[in-house]
Amino acid sequence: MINEIIKESEEKMKKSISVLKQDLATMKAGRANPSLLDRIEVEYYGTMTPLNQMANISSPEPRILLIQPWDKTSIKGIEKAILVSDLGLNPSDDGAAIRLVIPELTEETRKNIVKNVKKNGEETKVAIRSIRRDANDKVKVLKKDNTITEDESKKAEDDIQKKTDIYIKEVEKIIELKEKEIMSI
């Protein structure tokens, strides 16, 4: 029973880490990265469709993204979706593909992005600690019902804390790497 609680909480912590990584991948860092466009959805024949499911997205140069839609009639819709997104990029199309030039980030913009990165990191840490709290509550219920002993309860809480510490450190490492990436010119 205790092992199931620990395993379930660890799965949730891993999921929190993967969500953080996905969120950070979509943040501008001054370099062209196809994952910047992961959140873009295009109206395509009346249905909102993720851009990466209707076009090939590549980065032929460090600061250029090339979007090659499989259906050339969708180019205008893709341009519109990029313009209304919060990316702040201006698409230019040549009839067959769309180019996005990623502008060089100013120092102030970099600092703002780093603030958002740190905010995301803190939110992930809070989520991980919440998972720990829920797992500890489940252990306390087992102890209260006399399903487990005091020693088993203490050991389970220690194990949960160790897992929490591991994932909190991983969040800090991810945030530090992203901060270095953003602040490097």
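Located above this text is the structure these notes cover.
The shown structure was predicted, so the numbers you read here are calculated from the model rather than taken from an experiment.

Calculation rules
- Residues numbered from 1 in each chain as written.
- Predicted model: local features only at pLDDT ≥ 70, side-chain atom pairs only at ≥ 80, totals over all residues.
- Heavy atoms only, no water.
- Helix = DSSP H or I, 4+ residues; strand = E, 2+ residues; numbered from the N terminus.
- Buried < 20%, exposed > 50% of the residue type's maximum accessible area, 1.4 Å probe, protein only.
- Contact = heavy atoms within 4.5 Å.
- Lys, Arg positive; Asp, Glu negative; His and termini not counted.
- Charge placed at Lys NZ, Arg CZ, Asp CG, Glu CD.
- Pairing = 2+ DSSP bridges.
- Phe/Tyr/Trp six-rings, centres within 6.5 Å; stacked < 30°, edge-to-face > 60°.
- Polar contact = N/O pair within 3.5 Å; in protein donor to acceptor, adjacent residues only side chain to side chain.
- Core = buried A, V, L, I, M, F, W, Y, C linked by side-chain atoms within 4.5 Å.
- Axes fitted to C-alpha atoms, helices over the stretch in contact; angles between N-to-C directions.

Moving on, we get to the overall build of the protein chain. Within the protein chain, the regular secondary structure consists of 4 helices and 6 strands. Element order for the protein chain, N to C, with α for helix and β for strand: α-β-β-β-β-α-β-β-α-α. A principal-axis box enclosing the C-alpha atoms of the protein chain has dimensions of 70 × 40 × 25 Å. Within the protein chain, buried positions represent 39% of all 185 residues. In the protein chain, the proportion of contacts linking residues at least 24 apart, taken out of those at least 6 apart, comes to 62%. Between the mean site of the 34 positive side-chain charges and the mean site of the 34 negative ones, the protein chain shows a separation of 3 Å.

Residues in a regular strand project their side chains so that they alternate between the two faces of the sheet. In terms of burial, strand E4 (residues 64–69) is a largely internal element, 5 of the 6 residues being buried. Pairing of strand E3 (residues 55–61) with E4, which is carried by 5 bridges, proceeds in the antiparallel orientation. Each residue of the ladder has a partner; that of Ala-55, found in E4, is Pro-69. Between E3 and E4, which pair antiparallel one after the other, the connecting turn spans 2 residues.

Our focus in this paragraph is the packing of aromatic side chains. Per the counting criterion, the structure on display carries 1 aromatic pair. On the basis of an interplanar angle of 65 degrees and a centroid distance of 4.8 Å, the ring pair of Tyr-44 and Tyr-45 is categorised as edge-to-face.

Within the element layout of this structure, Ser-85 appears in the loop between helix H2 (75–84) and strand E5 (91–93). At 2.7 Å, the side chain of Ser-85 forms a polar contact with the backbone oxygen of Ile-82.

This brings us to the nonpolar core. Residues Leu-37, Leu-51, Leu-65, Ile-67 and Ile-78 are the most contacted members of the largest nonpolar core, which totals 20 residues. When residues of this core are traced back to their parent elements, those giving at least two are E3, E4, H2 and strand E6 (98–101). For this core, the leading source of residues is H2, giving 4 residues. In this structure Ile-67 touches Leu-37, Leu-51, Ala-55, Asn-56, Ile-57, Ile-78, Ile-82, Ala-97, Ile-98 and Leu-100, once residues within four positions along its chain are discounted.

Our focus in this paragraph is the sheet that holds E4. The sheet built from 4 strands is open, its strands ordered E3-E4-E6-E5 with antiparallel pairing. Only two strands of the sheet have a single neighbouring strand rather than two, namely E3 and E5. With strand direction ignored, the average angle separating the axes of adjacent strands in the sheet is 25 degrees. Here E5 runs beside E6; their pairing, made up of 3 bridges, is antiparallel.

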